[in-house]
Each structure stands twice: as structure tokens, then as C-alpha cells.
Amino acid sequence: MPDAPAPGNPRQSANAAAAAVIALVEELILVIDEENRHLATGAPASTSHLVQRKRELAEKFTHWVAGVRRRDIDFRDADAAVHKRLVESSKTLREHMNDNVDSLRSSIAATRRRVDAIMRAIREQAAPTPNQYGANARLAAARAPSPAGSGRYL
């Protein structure tokens, strides 16, 4: 839960609250950008060490938003420049979050393709070899796989 604005000067309280939110948003953007770089390497999303930190920061941000909605915090009293910076950082966060969603979707799709390829390979290896009939319409003897170093090319 965010700290309640300090009693006294509302402008000072609003500026302090806005500065705290801006710092939080900037850190969240850094974590999101780092995660996007991590995902761009093809690493699965779930292995990212950044997921927990992003979750913590998002939870703090959610508490700030809830405080604003309850009107416990009012940024309208902040200096115009601080208020403008807060609005701009919120827009930037939204853009980075949209990029993050796209990166996560791509990562999930790549993980699905990997799992599908592995499952296909397992099914192919587990499937019984088809019966092969010889020229006399009888089952041909099963061939043993040729050793890898026999000098023959595959």
C-alpha cells in the first residue's frame, strides 16, 4: 500500500508521491526492457529471473493506482512539470508493457513449437516400425541399423 500523503503542504505531498511513482515506473520499465532483451534471445519466458521482480513492482504500482482511485492520493496538486512527467512516464510504461506482451506471446509460441517438435520426435521413435514385405509377399527380416562408422554415408 502506498504511503498516505503527509499532512501539511498538499503540493509538497503530491510532488513527493508523484516522484515515488515515477521512480517505480522507471524501474519497472528497466525490468521490462531487460526481460524483452532476454526473450529476444529465444530464452523461454518462464526461466527469466526478472519475472519475480516485475511481479513485485507491478504489485506496488497496482497499490498506487488503487490509492489514486480511492482518492487517498491526488496528483492534481503536484507541480505542472512533475504532473507532466508522471503522465509521460505512464504513457511510456504502457508502450513498454505492450512490447512486453508481444515478446511474451512470441516466446510462448516458440516454446510451443519446441514442445511440439520434441513430442513429434518422441512419437516417431516410439512408433513401431512398419512391417515390410519382401518380393515373395512374406514379411522381410528386420534390418539391424547400420553402425555409424561403417564408412557408408547416410
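For the structure given in this document, a descriptive report is provided here.

Cut-off values and rules
- Residues numbered from 1 in each chain as written.
- Predicted model: local features only at pLDDT ≥ 70, side-chain atom pairs only at ≥ 80, totals over all residues.
- Heavy atoms only, no water.
- Helix = DSSP H or I, 4+ residues; strand = E, 2+ residues; numbered from the N terminus.
- Buried < 20%, exposed > 50% of the residue type's maximum accessible area, 1.4 Å probe, protein only.
- Contact = heavy atoms within 4.5 Å.
- Areas by Shrake-Rupley, 256 points an atom, 1.4 Å probe, with all protein chains shown as cover.
- Expected span 1.5 Å × (residues − 1).
- Salt bridge = Lys/Arg side-chain N within 4 Å of Asp/Glu carboxyl O.
- 1 Å grid on protein atoms, 1.4 Å probe; cavity = no way out; pocket = protein on both sides within 12 Å on 5 of 7 lines; lining within 4 Å.
- Points joined across faces, edges and corners; volume = space filled by probe spheres on them.
- Nonpolar A, V, L, I, M, F, W, Y, C, P; charged D, E, K, R; others polar.
- Core = buried A, V, L, I, M, F, W, Y, C linked by side-chain atoms within 4.5 Å.
- Axes fitted to C-alpha atoms, helices over the stretch in contact; angles between N-to-C directions.
- Parallel < 35°, antiparallel > 145°, perpendicular 65-115°, else oblique.
- Left-handed = near helix turned anticlockwise from the far one by under 90°.

Before going further, it helps to examine the overall build of the chain. When helices and strands are counted, the chain shows 3 helices and 0 strands. The linear arrangement of helices and strands in the chain, starting from the amino end, is α-α-α. Per-residue burial for the chain yields a buried fraction of 23% across its 154 residues. Taking the contacts inside the chain whose residues are at least 6 apart along the sequence as the reference set, 71% of them involve residues at least 24 apart. Taken as a whole, the chain presents about 11600 Å² of accessible surface, with 56% of it coming from carbon and sulfur.

The next thing to look at is the environment of Gly67. Note on placement: Gly67 falls in helix α2 (residues 50-69). Look past the residues within four positions of Gly67 in its chain and what remains in contact with it is Asp72 and Ile73.

Time to look at α2. Residues spaced three or four apart along an α-helix face the same direction, because each turn holds 3.6 residues. Taking 1.5 Å per residue as the helical rise, α2 with its 20 residues ought to reach 28 Å, and the 28 Å between its terminal C-alpha atoms agrees with that figure. Packed against the buried residues of α2 are α1 (10-40) and α3 (80-126). Within two residues after α2, Arg71 carries a phi angle of roughly 70°, on the positive side.

With that out of the way, let us pick up the pattern of salt bridges. All chains considered together, the criterion is met by 7 salt bridges. Put simply, Arg53 and Glu56 hold a salt bridge, and the shortest N to O gap is 3.0 Å. You can see Arg53 and its partner Glu56 sitting in helix α2, 3 residues apart, about one turn around the helix. A relative accessible area of 34% means that Glu56 is categorised as partly exposed. In the salt-bridge network here, residues are joined through shared partners; they are Glu27, Arg53 and Glu56.

Estimates place the volume of the largest pocket at around 260 Å³. The wall of the largest pocket is formed by 14 residues, among which Leu28, Ile32, Leu93, Arg94 and Met97 lie closest to the centre. Those elements that place two or more of their residues in the lining of the largest pocket are α1, α2 and α3. No other element matches the 8 residues that α3 contributes to the lining of the largest pocket. Per-class residue counts for the lining of the largest pocket are 8 nonpolar, 4 polar and 2 charged.

For the rest of this paragraph, the subject is the environment of Leu30. Inspection of the secondary structure assignment puts Leu30 in helix α1. Here Leu30 falls in the exposed class, since its relative accessible area comes to 59%. Between the C-alpha atoms of Leu30 and Leu93, which are 63 residues apart in sequence, the distance is 9.7 Å.

What follows is about the nonpolar core. Val21, Trp64, Phe75, Leu86 and Leu93 are the most contacted members of the largest nonpolar core, which totals 17 residues. Put simply, the parts of the chain that give this core at least two residues each are α1, α2 and α3. Among the elements that make up this core, the one with the highest residue count is α1 (10 residues). The contact partners of Leu93, leaving out residues within four places of it in the chain, are Val25, Leu28, Ile29, Ile32 and Phe61.

This paragraph deals with the packing of α1 against α3. One way to put it is that α1 packs onto α3 with a least axis distance of 9 Å and a crossing angle of 20°. Judged by the inter-axis angle, α1 sits roughly parallel to α3. Seen along the crossing, α1 lies across α3 with a hand that is left-handed.

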